[in-house]
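# Understanding the architecture of this molecule
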Amino acid sequence: MTSAVRTNLKLRRPISKIIHRRSLCTNPPAKDANIECKGLHKASSLKTQGLGYHMSRFSWLSQHGPQFLINGDQVQVITEPAQFYQIIKLKSRKAKRRITFASLYLGTGELEQDLVSSVREACLSALTSGRPDFEVNILLDYTRGSRGEYNSRSMLRPLMAEFSGVKVSLFHTPDLRGVLKKIVPERFNETIGLTHIKIYLFDDSFIISGANLSNDYFTNRQDRYILFNDCPELANFFNDLVKAVMSFSLSLTTDDNLSLAPDWNIHPYKESDDGLRFKVAAREKIHSCLRLGETITDIHKTGGTSDTKSLRQPDTVVYPLVQMGPFGITHDEQALLTLLRTSERRDNILLASGYFNLTDHYMSVILSESHAKHSILMASPQANGFLGAKGLAGAIPYSYIYLAYLFYKRVCKLKQTDRIHMMEYSRDGWTFHGKGLWYYLPSQTLPSLTLVGSPNFGHRSVYKDLECQVAIVTKNSGLQEQLREEHVHMYSSSQNVTEATFQRRDRYVPLWTRLVTNFTKKFF
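Below is a short write-up of the structure. (Residues numbered from 1 in each chain as written. Predicted model: local features only at pLDDT ≥ 70, side-chain atom pairs only at ≥ 80, totals over all residues. Heavy atoms only, no water.)

### Details of the packing of helix α13 (residues 396–413) against helix α17 (residues 511–520)
For the pair α13 and α17, interaxial distance at closest approach is 9 Å and the crossing angle is 75 degrees. Classified by the angle between their axes, α13 and α17 sit roughly perpendicular to one another. Mapping the contact onto sequence places Y398, S399, Y402 and L403 in α13 and T513, R514, T517 and N518 in α17. (Axes fitted to C-alpha atoms, helices over the stretch in contact; angles between N-to-C directions. Helix = DSSP H or I, 4+ residues; strand = E, 2+ residues; numbered from the N terminus. Parallel < 35°, antiparallel > 145°, perpendicular 65-115°, else oblique. Contact = heavy atoms within 4.5 Å.)

Here you go:
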């Protein structure tokens with residue numbers, strides 16, 4: 001039986017190479033246009049593409065997830081943490097059928113308590129209005145959500161006690177078990193694996209983000225947040241995905257105990273098979289809701305009376321991309337690798353990560369296989385969320401400096417400095433947690449594709465954690481303008497990274513940090 005299970009699992013089997021390298025674009029430019037915003041390499045021409053070009057260029061993404069056809073007017077790009085916070089509170093209060101949150105953790109301050117109060121208002125409204133089917137589902141990580149004496153669990157238990165429709169689940173990685181679980185202390189146990197998915201859903205609308213639910217992310221920690229309004233099919237997909245993870249997570253009770261979820265009988269860390277049976281069953285659960293290869297239209301009539309309402313036309317495609325390395329689900333990784341490999345010489349790719357720790361595979365493809373020009377945005381040491389942390393965690397910003405320097409030296413050695421630019425986000429009083437990608441087709445002044453969600457493109461994102469993001473491909477000029485403004489907003493607080501950057505006194509990395517980083521870079 002065990003051998004059969006191992007045969008079926010194949011956790012790290014790569015997806016078949018079904019994408020062929022595209023030929024380089026050789027069409028002549030139509031007319032000149034300069035792009036002066038930071039991060040974007042200047043384009044010498046502006047070309048008007050056919051309406052279908054934006055979609056067909058990236059249609060291969062449907063092999064890594066379902067494709068949802070929507071109208072770009074249904075999408076709002078949020079650029080400020082305070083706006084993100086206010087929208088989450090407002091949407092929570094007005095929810096009529098469901099609220100579904102997936103986050104690493106919920107903070108314990110006043111702003112977080114106000115958010116819980118907003119959810120409570122919706123629960124109370126449903127109760128007094130006779131809507132017994134109203135439900136609240138919250139997925140957090142076990143290790144991060146349980147950190148400290150007063151934690152995320154403490155914040156949510158009163159709400160659970162008051163309303164039976166509130167369910168809270170804590171995902172526990174099957175890789176934290178046995179002796180490892182006993183000896184690795186709190187906070188450091190989070191490096192073994194966790195759920196990193198960030199979805200905030202209200203009825204048929206939702207926000208996908210890289211931001212957690214805590215004070216910094218509501219005030220002065222820059223991230224990305226995209227709101228999808230009135231997209232019931234997309235909302236159902238993400239609601240089902242979150243509930244699928246909850247189905248094999250630990251259920252929180254009002255007395256702060258944890259139990260296996262109903263209809264699930266495999267413990268994440270108490271089984272004697274090294275978590276194998278858990279991983280196989282969890283993989284099947286996730287695959288059952290991925291809807292691979294499906295095309296779903298998610299546009300509804302809008303405006304006027306029932307006789308005059310018109311149907312918006314689809315001009316945007318959304319591809320959910322899921323990455324759950326512990327279960328051998330690698331759709332996001334494969335999609336990004338293909339995106340990089342099929343890029344053309346006059347394409348511009350802007351890639352952001354709050355923590356510069358790209359996998360060796362990603363770095364190798366960017367350096368040796370990708371043809372596009374790249375502008376990579378990362379946090380400066382002053383904008384790193386670990387700056388000033390106690391203990392060993394305080395050295396993490398310097399590990400990132402070292403990793404960035406190693407990559408920069410590879411860029412220089414391969415004479416790629418004209419094609420690959422590195423930039424640092426630095427803004428007084430702010431930290432940087434932004435992640436994702438903006439893709440500009442040849443000579444276009446507006447992006448045609450973006451990736452947004454939870455992955456940081458590092459080892460943990462690919463192999464250890466549960467992640468999810470979306471690829472948005474659009475020809476909707478309004479949405480494209482929003483995405484361009486988002487990119488400009490982030491890159492406007494950045495500076496170019498050069499050799500001189502690493503010679504500054506505040507970039508000195510002690511020898512012990514350099515040595516340790518070589519062995520620990522897969523854990524942060």
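Back to the write-up after that little detour.
### Some words on the pairing of strand β9 (residues 225–228)
For a regular strand, side chains alternate in direction, first toward one face of the sheet and then toward the other. Where burial is concerned, the two faces of β9 agree: the one with Y225 and L227 and the one with I226 and F228 are both buried. Taken together, the four bridges between strand β2 (residues 75–78) and β9 define a ladder with antiparallel strand orientation. Looking at the pairing, I78 lines up with Y225 of β9. Pairing of strand β7 (residues 205–209) with β9, which is carried by four bridges, proceeds in the antiparallel orientation. In the sheet register, F206 faces β9, and the bridge partner there is F228. (Buried < 20%, exposed > 50% of the residue type's maximum accessible area, 1.4 Å probe, protein only. Pairing = 2+ DSSP bridges.)

### Some points on the packing of aromatic side chains
All told, the structure shown has 24 aromatic pairs when counted by the stated rule. Ring centres of F58 and Y439 lie 5.2 Å apart, and the angle between their planes is 75 degrees; this geometry places the pair in the edge-to-face category. Of this pair, F58 sits in the loop between α2 (53–56) and β1 (67–70) while Y439 is found in strand β21 (residues 436–440), placing the two residues 381 residues apart along the sequence. Measuring from centroid to centroid gives 5.9 Å for F101 and F202, while their planes differ by 80 degrees, and the two rings are edge-to-face. In this pair, F101 sits in strand β3 (residues 98–102) while F202 sits in strand β6 (residues 199–202), placing the two residues 101 residues apart along the sequence. Residue classification places F202 among the buried positions, given a relative accessible area of 3%. What links up through ring pairs into an aromatic cluster is the set F84, Y85, F101, Y200, F202, F218 and Y225. Directly above the aromatic system of Y105 lies the positively charged group of R144, at a separation of 3.7 Å from the ring centroid. Seen from the ring of Y269, K181 lies directly overhead, with NZ or CZ sitting 4.4 Å from the centre. (Phe/Tyr/Trp six-rings, centres within 6.5 Å; stacked < 30°, edge-to-face > 60°. Lys NZ or Arg CZ within 6 Å of the ring centre and 35° of its normal.)

### A closer look at the environment of N215
Residue placement: N215 occurs in helix α8 (residues 215–219). In this structure, the C-alpha to C-alpha distance between N215 and P81, residues 134 residues apart in sequence, is 9.6 Å. Look past the residues within four positions of N215 in its chain and what remains in contact with it is L111 and E112.

### Examining the packing of helix α4 (residues 110–128) against helix α6 (residues 152–162)
Between α4 and α6, the least distance of the axes is 10 Å, while the angle of their chain directions is 15 degrees. Relative to α6, α4 is oriented roughly parallel. Both α4 and α6 take part in a crossing whose hand is right-handed. Counting all contacts with α4, which are made through E112, Q113, V116, V119 and R120, the residues of α6 involved are M155, L156, L159 and E162. Split by residue class, the contact of α4 with α6 holds five nonpolar, one polar and three charged. (Left-handed = near helix turned anticlockwise from the far one by under 90°. Nonpolar A, V, L, I, M, F, W, Y, C, P; charged D, E, K, R; others polar.)

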